[in-house]
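Structural overview
These are the residues of each chain, in order.
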Amino acid sequence: MTQDEMKQAVAQEALNYVVEGTIIGVGTGSTANFFIDALATIKDKIKGTVASSEATAQRLKSHGIKVFDLNEVTKISVYIDGADESDEGLNLIKGGGGALTREKIVAAVANEFICIADASKLVAVMGAFPLPVEVIPMSANYVTREITKRIGGTVTLRDFTTDNGNLILDVSDLKITHPKALETELNSIIGVVTNGLFANSPADVLLLGTPNGVRRVTA
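Below is a summary of the structure that appears in this document. Note that this is a predicted model, so its numbers are computed, not measured. (Residues numbered from 1 in each chain as written. Predicted model: local features only at pLDDT ≥ 70, side-chain atom pairs only at ≥ 80, totals over all residues. Heavy atoms only, no water.)

**Section: the packing of aromatic side chains**
With the rule as written, the count across this model stands at two aromatic pairs. Taking 5.2 Å as the distance between ring centres and 45° as the angle between the ring planes, the aromatic pair formed by Tyr-79 and Phe-113 counts as tilted. Within this pair, whereas Tyr-79 is found in strand S4 (residues 79-81), its partner Phe-113 is found in strand S7 (residues 113-118), the two being separated by 34 residues in sequence. This pair shows no difference in class: Tyr-79 is buried, exactly as Phe-113 is. A cation sits over an aromatic face here: Lys-66 above Phe-68, 4.9 Å from the ring centre. Positioned above the aromatic ring of Phe-160, the side-chain terminus of Arg-158 is 5.7 Å from the ring centre. (Phe/Tyr/Trp six-rings, centres within 6.5 Å; stacked < 30°, edge-to-face > 60°. Helix = DSSP H or I, 4+ residues; strand = E, 2+ residues; numbered from the N terminus. Buried < 20%, exposed > 50% of the residue type's maximum accessible area, 1.4 Å probe, protein only. Lys NZ or Arg CZ within 6 Å of the ring centre and 35° of its normal.)

**Focus on the side chain of Ser-53**
Looking at where Ser-53 falls in the secondary structure, it is placed in the loop between strand S2 (48-51) and helix H3 (54-62). Note on Ser-53: relative accessible area 6%, which makes it buried. There is a polar contact of 2.8 Å between the side chain of Ser-53 and the side chain of Thr-28. When residues no more than four places from it in sequence are discounted, the contact partners of Ser-53 are Thr-28, Ala-99 and Asp-163. (Polar contact = N/O pair within 3.5 Å; in protein donor to acceptor, adjacent residues only side chain to side chain. Contact = heavy atoms within 4.5 Å.)

**Observations concerning the packing of helix H1 (residues 3-14) against helix H2 (residues 30-39)**
Following both chains from N to C, one finds H1 and H2 inclined at 50°, their axes separated by 8 Å at the closest point. It follows from the interaxial angle that H1 and H2 lie oblique. When you trace H1 past H2, the crossing you get is right-handed. For the pair H1 and H2, contact is made by Asp-4, Lys-7, Gln-8, Val-10, Ala-11, Gln-12 and Ala-14 and by Ser-30, Thr-31, Phe-34, Phe-35 and Ala-38, respectively. When the residues that make up the contact of H1 with H2 are grouped by side-chain class, the tally is six nonpolar, four polar and two charged. (Axes fitted to C-alpha atoms, helices over the stretch in contact; angles between N-to-C directions. Parallel < 35°, antiparallel > 145°, perpendicular 65-115°, else oblique. Left-handed = near helix turned anticlockwise from the far one by under 90°. Nonpolar A, V, L, I, M, F, W, Y, C, P; charged D, E, K, R; others polar.)

**Here we look at the environment of Phe-68**
Tracing the chain through its elements places Phe-68 in strand S3 (residues 67-68). By relative accessible area, Phe-68 is classed as buried at 16%. When the C-alpha positions of Phe-68 and Lys-45 are compared, they lie 16 Å apart, and in sequence the two are 23 residues distant. The residues contacting Phe-68, other than those within four sequence positions of it, are Ile-23, Lys-47, Gly-48, Thr-49, Val-50 and Val-73.

**Structural notes on the sheet that holds strand S14 (residues 213-218)**
Neighbouring strands of a sheet are bound in pairs by backbone hydrogen bonds; such pairs are parallel or else antiparallel. Taken in spatial order, the seven strands line up as S3-S2-S1-S4-S7-S13-S14 in an open sheet, and their pairing is mixed. One side of each edge strand has no neighbouring strand; the edge strands of this open sheet are S3 and S14. Both S2 and S3 contribute to a ladder of two bridges, which runs parallel. Bridge pairing in S3 places Val-50 opposite Phe-68. Seen against the sheet, H2 touches strand S1 (23-26), S2, S4 and S7 and runs at an angle of roughly 150° to S1. (Pairing = 2+ DSSP bridges.)

Here's what the structure looks like:
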């Protein structure tokens, strides 16, 4: 089974978590795109969606799926999104696609967060995937110095502008043994909007696509 086939399988499995007649949150990235394509087959069973990025909103609309602005809704039944890395505690690194801030906001509103990924994303210790940090543009150099001083690693400015008009610093060469503490530490740096660790509010369920089928991981 190829990686894409595993992503398709886990995206299909995620349909079981869609609550009929409600608004659901939809994430950003390759696995989320497979979920959007699967969601199109049951689009008449939901009230609509909230998208975590402009790219996701466009893909949803292309399937004829209604997209609400988050400020138009008060409740989201479930948020379904992928991850760049996860550990067994359901702590995640997200933001490879640059939508980490909006992803965190939509996840915060949702009653439940279902993370979907292929099996390669589950690791013993996170940090092999560079940790994204979204920053206000004028703060990029300052935040780079603070990250280097406080936590180490190698900080690289990504050639990318977020949907919020901000920049992303990618921090590599990390071994993230205390993800909750690191998430809090990074967010305390002035100029940081947020970082790609989803640890203080991790996923509720992790669905992993494997060659032997979908594995369900819970805390």
